[in-house]
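# Observations on chain architecture
The lines below spell out each chain.
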Amino acid sequence: MIAFLVTILTLVAIAAILALALNLQWGLCGMVNFGLVGFFALGAYAAALLSLAGAGPALALLGAMVITAACGAAVAALSHRLAEEYLAIVTLGFGEVVRLTLLNESWLTGGALGLPGIPSPTLRLPGPGGEHVGFLVLCLIALALAYLVVERLARAPFGRLMRAVRDDDVVAATLGKDVVRVRIAAFAIGCALLALGGALHAWHFGYIDPSQFTPIVTAYAFMAVIAGGRGSNPGILVGAGVVMLLIEGSRFLKDVVDFVAADQLAALRLILIGAGLILFLIYRPQGLGREYRRSAASFPTVPAPASS
Amino acid sequence: MTGAMYDQISSKGATLEARNIDLSFGGVAALVRCSLRLEPGRVTAVIGPNGAGKTTLMDVIGGRLRPDSGEVRLDGADISRMPPHRRARLGLLRTFQIARELEGLTLFENLLLAGQGRAIEHPLAALAGGRRHRRAEAAVAARAHGLLERVGLVGQADLPAGALSGGQKKLLEVARALMVSPRILVLDEPTAGVSPPLARVLADLTRDLAREGLTVAFVEHDMDFVQNVADHVVVLAEGQVLASGSFAEVTGTRDVIDAYLGRAA
Ligand SMILES: Nc1ncnc2c1ncn2[C@@H]1O[C@H](COP(=O)(O)OP(=O)(O)OP(=O)(O)O)[C@@H](O)[C@H]1O
Ligand SMILES: [Mg+2]
C-alpha cells in the first residue's frame, strides 16, 4: 500500500510539473500546446539516451531541457507568422512528428521496443522501498523548484508581459512590446519544464517506449490547468492532484463495480473523469484559483487608498 | 503645483509626416494620396464623416496597416516599414477607437505594463530578482499612480480592466500610452463614451501635454472638444484631405459643410 502511494505521489508530482509548464504557455501566455506530450517525450528520450550514454543525472537533465527548449523555441518562432489558432495545429503536428520519429528511428530510440535499463538517480533512504521514497523526494524537490520558477515569472513584470500578449497582442505591440520574443521565451521555458517532467518519468520507470506517450498526457495537463484555474499556479497544483487522484483512484472501480468487463471498465473510467470535469466546469467555470494580480498598494511608492 | 509631476509624462515632441498615402481594402479606396504633418507642441485634430478614412490613417501612422504607396517619416527618418512595436519604442504611441483594454490585467497593471522597461521585464530579471529591478518597478508604480490621479481613476486601480465602463477604458488607454513617455501621441476618438467632466479632464491634459512640447493628434466627432483643444484641424473625406487650417477656417469652408451633409464631390 505504501509502495502504491509512493508511486501515485511520484506520478502526481510529474503531472503537476507538466501542468505548471502548460500554465506558463497557455494559461499565462495564451499559447495553446496540443503537442505537449511530444515535448514531454522528447525530454524523456533525451534524458534516457544521455543517461544510457553514461552522463550523470544533472548533465542528462540539463541536456534534455536545453534540447526540448530549443525545439519549443523553434516551433514558436516558426508559427509566429500564422494566426494564433494555427499554433494548435502546429503543436499537434509536432507531437505526431515526435511519435513517428520515436517509432521509426529504432537505431536511436529502440522503436516500438523502447529503451530499457535507464539508470536513474535516487536518494538512498533507509527502510524497505527506501529508494522509491528517495526518488519521490527528488520529484517533490523538482516540483517545488518548478513551482518557484513559474510563480516568480508570473508575479514579475515578465508575467504581466505574458498576460498582455495573451489578452491582446496588438495592444502589447502598440506599447512597444516585442510579442514574438515574448512568445518564444514563454514557450521555450515551458518546454524546458516539460523536459524536466520527461526526465523524471524516464528515470521513474527505467524503461520508456512510445506507448507511454499518448495524447491523453496532453489532455490530463489541460484538465489540471482548467480545473486549477488558468493562470493560477497554486490552483494548478491542486488541480493536478485532483485529476491524478481521479485517474488513479478510479482504478479501484473494479473492486466496486465487478459486473462489467475490464475493457469496458477502462472506458467507464474515462467517461467518469470526463463527466467530473464537465460538472466542475459547470459549477466553477473559472477553476479553483485565480491568477496573481499585483495590487497598487503593494508598491512602497503608492499611497494606500484613503478608504478602508 | 501639478506642473512638476507632469514634466515627466512626455519627452520632447517629434515631427511626423505621412506623405501621399494610398491604401485600399480590396476595391475600396480608404486613403487617396493623403498627407498629414504633425508637429511638436501642436494639437492636430482629424475630422470627417464616418468612413472617411480617419482610423485607417491612424493605423498607417501606427504601423498596423502598410500603405499601398506613400511613406511615413518620423523626424525625417523613413519608418514606413517599421513594425508597430519599434515605432512605439521611438515614442510613437496610439490609442484605439474602440478601447482595447487588457481585460485580464487590472487597470493599474495595464499602466505598469506600459511603463515597465525592457530590462525589468526580461524573464531572467524575474528569476534573478534584485533590488535595482524592484526599485525600478516601484518608480513605474509611482508614475502610474500619478497618472491615475490625473485622470481621476485612482479608486478603480485594482479593478480588472475588463470591468471598467466604456469611458473609463478610453481614459485607461490614454493614461497607458502616457506611461511610455511618448513623443507623438495619436488618439482615435478619445472622448467617445467619456462623461463630460472626464472629457474636460482629457481636454486639459491634452493641452498641458502640448504646452510641454508633445506632438498630439486626435480623431474626433465632438466639435466642442475639437474647437477647445485643437490648434490645427484637418478634414478628411473619402480618403482625401479636403481642407486644413484653424477650426474657424476649416468649418467655414463650403466643401467641408457639403462633406458633412453627404454631398461631397
Ligand atoms: N479592415 C477593413 N476591411 C475593409 N474595409 C475597411 C476596413 N477598415 C476600414 N475599411 C473601410 O475603409 C473606409 C475608411 O474606414 P475608417 O475606419 O478609416 O473610417 P473612419 O473615418 O475612421 O470612420 P468612423 O468615423 O466611422 O470611425 C470605410 O469605407 C471602411 O468601410
Ligand atoms: Mg474611425
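Throughout what follows, the structure given in this document is the object of discussion. Not measured: the values here are computed from a predicted model. (Residues numbered from 1 in each chain as written. Chains lettered and ligands numbered in written order. Predicted model: local features only at pLDDT ≥ 70, side-chain atom pairs only at ≥ 80, totals over all residues. Heavy atoms only, no water.)

With that settled, consider the site of ligand 1. Residue and element names in this part refer to chain B. The immediate surroundings of ligand 1 are formed by 13 residues, with Gly51, Lys54, Thr55, Thr56 and Gln97 found nearest. Separating an oxygen atom of ligand 1 from a side-chain N or O atom of Gln97 is a distance of 2.8 Å. The contact in question runs from an oxygen atom of ligand 1 to an N or O atom on the side chain of His221, over 2.9 Å. Contact with the protein chains covers 61% of the free accessible surface of ligand 1, which is 630 Å². Sort the elements by how many residues they give to the shell around ligand 1 and helix α2 (residues 54-62) lands first, with three residues. In the shell around ligand 1, the residues fall into four nonpolar, seven polar and two charged. (Near = heavy atom within 4 Å. Polar contact = N/O pair within 3.5 Å; in protein donor to acceptor, adjacent residues only side chain to side chain. Areas by Shrake-Rupley, 256 points an atom, 1.4 Å probe, with all protein chains shown as cover. Helix = DSSP H or I, 4+ residues; strand = E, 2+ residues; numbered from the N terminus. Nonpolar A, V, L, I, M, F, W, Y, C, P; charged D, E, K, R; others polar.)

This part is about unusual backbone geometry. Glycine aside, the phi torsion of most residues is negative, and most peptide linkages are trans. Residue and element names in this part refer to chain B. Positive phi values are uncommon outside glycine, yet Arg33 reaches one of about 40 degrees. Residue classification places Arg33 among the exposed positions, given a relative accessible area of 55%. Its identity as a non-glycine residue notwithstanding, Glu238 has a phi of 50 degrees, on the positive side. The residue Glu238 is located in the loop between β9 (232-237) and β10 (240-245) in this model. (Buried < 20%, exposed > 50% of the residue type's maximum accessible area, 1.4 Å probe, protein only.)

Moving on, we get to the coordination of the magnesium ion (ligand 2). All names here are of chain B. Surrounding the magnesium ion (ligand 2) are the protein donor atoms Thr55 (OG1) and Gln97 (OE1), at 1.9 to 2.1 Å. With a gap of 42 residues between them, Thr55 in helix α2 and Gln97 in the loop between β6 (92-94) and α4 (107-115) connect regions that are remote in the sequence. You can call Thr55 partly exposed: its relative accessible area is 24%. A relative accessible area of 35% means that Gln97 is categorised as partly exposed. (Donors = N, O, S within 2.8 Å, 3.2 Å for Na, K, Ca; no water.)

Each partner contributes residues to the interface: chain A has 34 residues there, and chain B has 38 residues. If you look at where chain A meets chain B, you find five salt bridges. Between A:Lys177 and B:Glu121 there is a salt bridge, with its nearest N and O atoms 3.0 Å apart. Summed over the shared surface of chain A and chain B, the number is 16 residue pairs in polar contact (both at pLDDT 80 or more). Counting only elements with at least two residues in the side of chain A that touches chain B, the list comes to α6 (130-155), α7 (157-167), α8 (169-174) and α9 (179-205) of chain A. With eight residues, the top contributor of residues to the side of chain A that touches chain B is α7(A). Counted by class, the side of chain A that touches chain B contains 19 nonpolar, four polar and eleven charged residues. (Contact = heavy atoms within 4.5 Å. Salt bridge = Lys/Arg side-chain N within 4 Å of Asp/Glu carboxyl O.)

Our next topic: the pairing of β9(B). Residues and elements named next belong to chain B. Of all six residues that make up β9, six are buried, and the element is covered over most of its length. Going residue by residue along β9, you find His232, Val234 and Leu236 tucked away on one face and Val233, Val235 and Ala237 tucked away on the opposite face as well. Pairing geometry for strand β3 (residues 43-47) and β9, over four bridges, is parallel. For Val46, the partnering residue across the bridge sits in β9 and is Val234. Where β9 hands over to β10, the hairpin turn is made up of two residues, of which Glu238 adopts a positive phi near 50 degrees. (Pairing = 2+ DSSP bridges.)

A few words now on the packing of α6(A) against helix α11 (residues 233-249) of chain A. Residue and element names in this part refer to chain A. With their axes 10 Å apart at the nearest point, α6 and α11 run at an angle of 145 degrees to one another. In this structure, α6 contributes Leu143, Tyr147, Val150, Glu151 and Ala154 to the contact, and α11 contributes Asn233, Pro234 and Leu237. A class-by-class count of the residues in the contact of α6 with α11 yields six nonpolar, one polar and one charged. (Axes fitted to C-alpha atoms, helices over the stretch in contact; angles between N-to-C directions.)

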